[in-house]
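Understanding the architecture of this molecule
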Amino acid sequence: MLLNDDGVDVAFQGAGAKAGLEIWCIENLRVVAVPKSSHGKFFCGSSYIILNTIFLRSGVPYHDIHYWLGKDMKPDDSTMASDKALELDVALGYHAVQYREVQGHESEKFLSYFKPCIIPLEGVFSSETGRSDNGSYQVSLFVCKGERAARVKEVPFSRSSLNHDDVFILDTESKMYLFSGCNSRIQQRAKALEVVQYINENNHIGKCDVAAIEDGKFVGDPDVGEFWSLFGGYAPISKNSASLSNVELQGSSAKLYWVARKKLCLIGDNLLKKDLLCSDKCYMLDCDGEIFLWMGKNTSLTERKESILTVEDTIHSQGRSRSTNVTFLTEGSETVKFTTYFDCWPQVFAQSLYEEGKGKVAAMFKQHGFDVRELPTEDPEPYIDCVGSLKVWRVASHTIVPVETGKLFSGNCYILQYTYLGDEKEECIFYAWFGSDSTMEDRVDAISLMHSQVDSVGGQPVMAQLFEGKETVQFFYIFQRLVIYKGGLSSECKKYVEQNGIADEMYHEGSIALFRVQGTGSANMQAIQVNLVSSSLNSSFCYILEAEAFMFVWTGNLSSPKDHDIADRMLDHLNPKKQPIQVKEGSEPDIFWDAIGGKMDYPKEKDTKEFVEDPHLFVCIGIEGDLKVKEIFNFSQDDLTTEDVFILNCHTELYVWIGQHAKFRSKESAFSIAKKFIDLDILLEGMSLETAIHVVMEGYEPKFFTRFFSWDTSKASMHGNSFERKLAVVKGLGPKLETPKKIPRAYRAGDTSKSSQRSRSKSTTSERTAPRSKSPAFTALTSRFEASIAPQLSTPPVVRNLFVKSSEDSLNLGKTSSISPGIESSESCGMKQSKEGFLDSVPAKEEASVSSTEEILTNGNDALSVGLQTFPYEKLRVSSNDQIIGVEITKREAYLSAEEFMGVFGMAKEAFYNLPKWRRDKLKKLHDLF
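Bear in mind that the values here come from a model prediction, so they are computed numbers and not experimental data.

With that out of the way, let us pick up helix α11 (residues 561-574). Relative to the 20 Å expected for 14 residues at 1.5 Å per residue, α11 spans 20 Å between its end C-alpha atoms, a close match to the ideal helical length. Most of α11 sits inside the fold, with 12 of its 14 residues counted as buried. Considered for burial, the residues of α11 that qualify are Lys562, Asp563, His564, Asp565, Ile566, Ala567, Asp568, Arg569, Met570, Leu571, Asp572 and Leu574. Buried residues in α11 make contact with β24 (481-485), β25 (513-521), β26 (524-530), β27 (542-546), β28 (550-555) and β29 (579-584).

See below:
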């Protein structure tokens, strides 16, 4: 055994440096690394140490250490495993949490590393062969317990091993049988099928037949006869009481002991205070079904080893179950569950602003000697197509009134219906938006009226509840450009203001108002009216002050060039008539301060966003009455069982997922479930009561939900319960795909409805937001097509640029509008500018030679034939006022020249026609050719 200077085994050198699992085994009283090819194989006669490392989005590593004890291992191996696990914690800087795992009673967190299960092997681990010699293939009988994590145990191959409560797997060389007890649950059977598939792939190369045997149904099924013949013929299974193996014992009390000199001294119970814990001592928290050992940060390695041994002796001397869960914690790395046994455990807040920085702020701090790591610039994505159809209604006296999109008032509640084209079908999402000053009556009405709107359109659209100031990025992308004004128009809001004697801050044209400008780019810009006081300012933002005759644009010292560009564009949107005046922070004129009530202190530190950690998935066990939830570790799409309701906690937003076969079907009550979950605060993260909530139905999951999973769309379209679906996959029947729905009218050529064209003309000031594209053509479109075709586009964005200097990372909008004075655009001259820069004359009206093109256009890829007549892009567009007569309207793109086709779509015709039709149609719609 080799130890380094810190008393740590050299086998742990470099441990935890990379994310993922690392496993060691105790072999002949020494630590031996287990190769990755053997991960998940555990021998009953050995003990193991497992390290799981993940890196949080902040870059900080998080470690969990488990030591696993086989049922047939030697006593010395158990002691050594716990000692070595502690040494590994030392090597990781005392930041890991340690768990004691006993064969057959492993924690679900441990089992989640080895999905779908672990099946311990007889014998001991050998570093030379990776496993012991177990002889030839033998018939085996396994009992499979658990609905969320499979607990598999081999039992004697005998009829007496069977019962009515569990699920069993009979593994023979030529066939596998799944026997489901009549009292077993659907989820338990489905989880057992995952084990069947695992055994089949590992022991039979996936070629073994599988038969499902249901307890009590034997007539007319040849598989049933084969199954019972292996047991010597059918005989009734004895009745037995319900299995208690999956019942989790909840600690009814908590007692805290000081561990000193291998003895326990009781120092408190029930309502415990953190002050009872001293950094130079070790303590045992006994919660009946679970034990925690807390080790102060100033205790020595020897003291910790003695304390662990004392806990082990206590479990043995008190005759407690060998499977008692034991968790070892070092001060500062306490788990949430541990802290819940203490009254008012202090929360640990985020790092200081000086520890993380971005851009010039980081550089400035570095110049003063601070060690600051720069944060990467990340512009969040909406994950859906955000140029669809948007409708907005204001809640007014128990009804809704349609209003103009792009303007909201903080005293009102609104309902939004957004329809967009998904991958293969129409998608829809409804929002209920609550202004910060809206009344509770209007909020209740908003939820009720939103459900009425959902019922009127049919289907299962996503429903969301958002509060002002807590909106999702996607919400802002849908609006593209949004202004939120103070005040409210609803009768409830006006009544509240009048009854409480509150000043009416309703915005009117000509009002003196202060707006904070925010956003990430041209597709995501907002101007939010804030209190008309200087304390509303922040050095991280730009502000627009609308005064009587002027529009002041105040730029904070920590704002970016991108912020300046957004402020320019929102300026014209708010009031294009008033003269803009740029005001830099620190050089404000007196008239500026007078307009906002005088100069006062305001935040001048960089407004940084906190890291949002990975989401957590919870299954709702009890929905009626008090909500009970259970976390699913290392979750995947397969964990979303159709009989249940799940909550995906993304910290800044929640998703309530409702299975097709769940008893609970009320989406209106789903918002109440989410609120109860927030009140529970399972992770002790202090979630806001105004956290965004989404309700998602199985089979209608949007991309902004599925992005948290490795998603297989076909699985969501399968029919039947969890067991039936899994059985179809195991038997090779595979999922059945739904037929894609027809593309809605809003996305077809020739539709000029206001809602479907909102991304093309949204402003009365002729300012246009550039179309956003996720297609491969986007890069080519902006770099090649923009330079040569843009002069022919209709009125370009009009932006009053107050900022003379512009950086490369500023917005791209407006680049195409710069035309030299005195030079007319090619469009005004009736000319078309070619890619080479020459001007070619084009007749005002041209007719296509239909007789020569009709045959070509009906032959798919033959449309790229050189014999097809070509026409300019501007005259082929759906919205063109000078269209070509006689072209096939569904094949407009085919009339483009090869060079212009590349400029528009960013790919050759051949590559384009190899795309699926829905994808081609989407690209053509994007470029106004469909």
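Read on, since the account is not over.
A few words on the confidence of the model for the protein chain. A low pLDDT score tells you not to read the predicted coordinates there in detail. Taken as a whole, the protein chain shows an average pLDDT of 79; of its residues, 77% reach a score of 70 or greater. Predicted confidence for residues 241-251 stays below pLDDT 50, and this span has 13 contacts to residues more than four positions away or in other chains. Every residue in residues 349-377 is under pLDDT 50, and counting partners more than four places away or in other chains gives 33 contacts.

This brings us to the side chain of Ser46. Within the secondary structure layout, Ser46 lies in the loop between β2 (30-33) and β3 (47-55). Residue class for Ser46 comes out buried when judged on its relative accessible area of 3%. Among the polar contacts made by the side chain of Ser46, one reaches the main-chain amide nitrogen of Phe125 at a distance of 2.9 Å.

Glancing now at unusual backbone geometry. With an omega dihedral of 5°, the bond running from Lys115 to Pro116 counts as a cis peptide bond. Looking at the element boundaries, Pro116 is found in the loop between α2 (108-111) and β6 (140-145). Even without glycine at this site, Asp928 takes up a positive phi of about 60°. Take Asp928: it is sitting in the segment after α22 (917-926).

Attention now moves to the pattern of salt bridges. Tallied over the full model, the rule gives 31 salt bridges. Notably, a salt bridge pairs Glu87 with Lys84, separated by 3.2 Å at the nearest N-O pair. Of the two residues, Glu87 and Lys84 both sit in helix α1 (residues 75-91), three residues apart, roughly one turn of that helix. Of the two residues, Glu87 and Lys84, neither departs from the other in class, the shared state being buried. With a shortest N-O distance of 2.1 Å, Lys875 and Asp882 are connected by a salt bridge. Taken together, the shared-partner salt bridges connect Lys115, Lys191, Glu194, Asp638, Asp639, Lys715 and Lys726 into one network.

Turning to the pairing of β25, a few remarks are in order. For β25, a buried count of seven out of nine residues is recorded, marking the element as mostly surrounded by other parts of the structure. Examined bridge by bridge, β25 and β27 share five bridges and lie antiparallel to one another. In the sheet register, Phe515 faces β27, and the bridge partner there is Ile544. A loop of two residues connects β25 with β26, the two strands running antiparallel in sequence.

With that settled, consider the environment of Lys924. Inspection of the secondary structure assignment puts Lys924 in helix α22. For the pair Lys924 and Arg892, spaced 32 residues apart in the sequence, the C-alpha separation amounts to 8.6 Å. Excluding residues that lie within four positions of it along the chain, Lys924 makes contacts with Thr890, Glu893, Phe905, Phe912, Leu929 and Phe930.

Before going further, it helps to spend a moment on the pairing of strand β21 (residues 413-421). Among the nine residues of β21, nine are classified as buried, and the element is accordingly described as predominantly covered. Residues of β21 alternate between two faces, with Cys413, Ile415, Gln417, Thr419 and Leu421 on one and Tyr414, Leu416, Tyr418 and Tyr420 on the opposite face, all of them buried. In this structure, β21 lies alongside strand β22 (residues 426-434), joined through nine bridges in antiparallel fashion. The residue bridging Leu421 from the neighbouring strand is Glu426, located in β22. If you look at the hairpin formed by β21 and β22, you'll find four residues sitting between the two strands.

We now examine a nonpolar patch on the surface. Together, Val139, Phe157 and Leu230 give the surface a local cluster of nonpolar side chains, amounting to about 230 Å² of exposed area. For Phe157, the location among the structural elements is in the loop between β7 (151-155) and β8 (167-171).

Our next topic: the sheet that holds β2. Read from one edge of the open sheet, 10 strands run β2-β1-β3-β4-β5-β15-β14-β13-β11-β12, paired in mixed fashion. The open sheet has two edge strands, β2 and β12 (263-269), and neither has a second partner. Direction aside, neighbouring strands of the sheet carry axes that sit 25° apart on average. Sheet analysis places strand β4 (residues 61-69) next to strand β5 (residues 97-102), joined by six bridges and oriented parallel. Within β5, the position partnered with Leu69 by the bridge is Val102. Contacting β1 (20-27), β2, β3, β4, β5, β14 (290-295) and β15 (325-330), α1 crosses the sheet at an angle of about 175° to β4. The sheet strands contacting helix α5 (residues 301-317) are β4, β5, β11 (255-260), β12, β13 (282-286), β14 and β15, and the helix crosses β14 at an angle near 165°.

Moving on, we get to the sheet that holds β22. The strands making up a sheet associate through hydrogen bonds between their backbones, and the pairing can be parallel or antiparallel. Read from one edge of the open sheet, 10 strands run β19-β18-β21-β22-β23-β34-β33-β32-β30-β31, paired in mixed fashion. With one partner strand each, in any of the chains shown, β19 (399-402) and β31 (628-632) form the two edges of the open sheet. Neighbour-to-neighbour, the strand axes of the sheet open up by a mean angle of 25°, direction not taken into account. Bridge count for strand β18 (residues 389-396) against β19 is four bridges, and the pairing is antiparallel. Each residue of the ladder has a partner; that of Val395, found in β19, is Ile400. On top of the sheet, helix α8 (residues 440-457) reaches β18, β19, β21, β22 and β23 (462-467); it is set at about 165° to β22, its chief contact.

Conventions adopted
Counting restarts for each chain, with residues numbered from 1 along the sequence as it is written. Given that the model is predicted, a residue must reach a pLDDT of at least 70 before its local features are reported, and side-chain atom pairs must reach 80 or more before they are shown or counted; all residues, however, enter totals for whole chains, interfaces and linings. Calculation of side-chain values draws on the structure's entire complement of heavy atoms; hydrogens and water are dropped beforehand. Numbering goes from the N terminus for both helices and strands, where a helix is a DSSP run of H or I of at least four residues and a strand is a run of E of at least two. Multiplying 1.5 Å by the residue count of a helix minus one yields the expected span of that helix. Residue burial is assigned from relative accessible area. The probe radius is 1.4 Å, only protein chains are included, and a residue is buried under 20% of its type maximum, exposed over 50%, and partly exposed in between. Any two residues whose heavy atoms approach within 4.5 Å at even a single point are treated as in contact. Residue-level confidence of the predictor, termed pLDDT, takes values from 0 up to 100. Polar contact criterion, stated in full: a pair of N or O atoms within 3.5 Å, where within protein one must be able to donate a hydrogen and the other to accept it, and residues adjacent in sequence count only if both atoms are side-chain atoms. Note on definitions: salt bridges are taken to be side-chain nitrogens of Lys or Arg within 4 Å of carboxyl oxygens of Asp or Glu. When DSSP locates at least two bridges between a pair of strands, those strands are taken to pair. For patch building, the residue pool is restricted to those with more than 30% relative accessible area and no salt bridge; the joining distance is 9 Å between like charges and 5 Å between nonpolar side chains (Val, Leu, Ile, Met, Phe, Trp, Tyr). Note on areas: these come from Shrake-Rupley sampling with a 1.4 Å probe, and a residue is covered only by the protein chains present in the view. A fitted line through C-alpha atoms serves as each axis, taken over the contacting stretch for helices, and the angle formed by two N-to-C directions is quoted from 0 to 180°.

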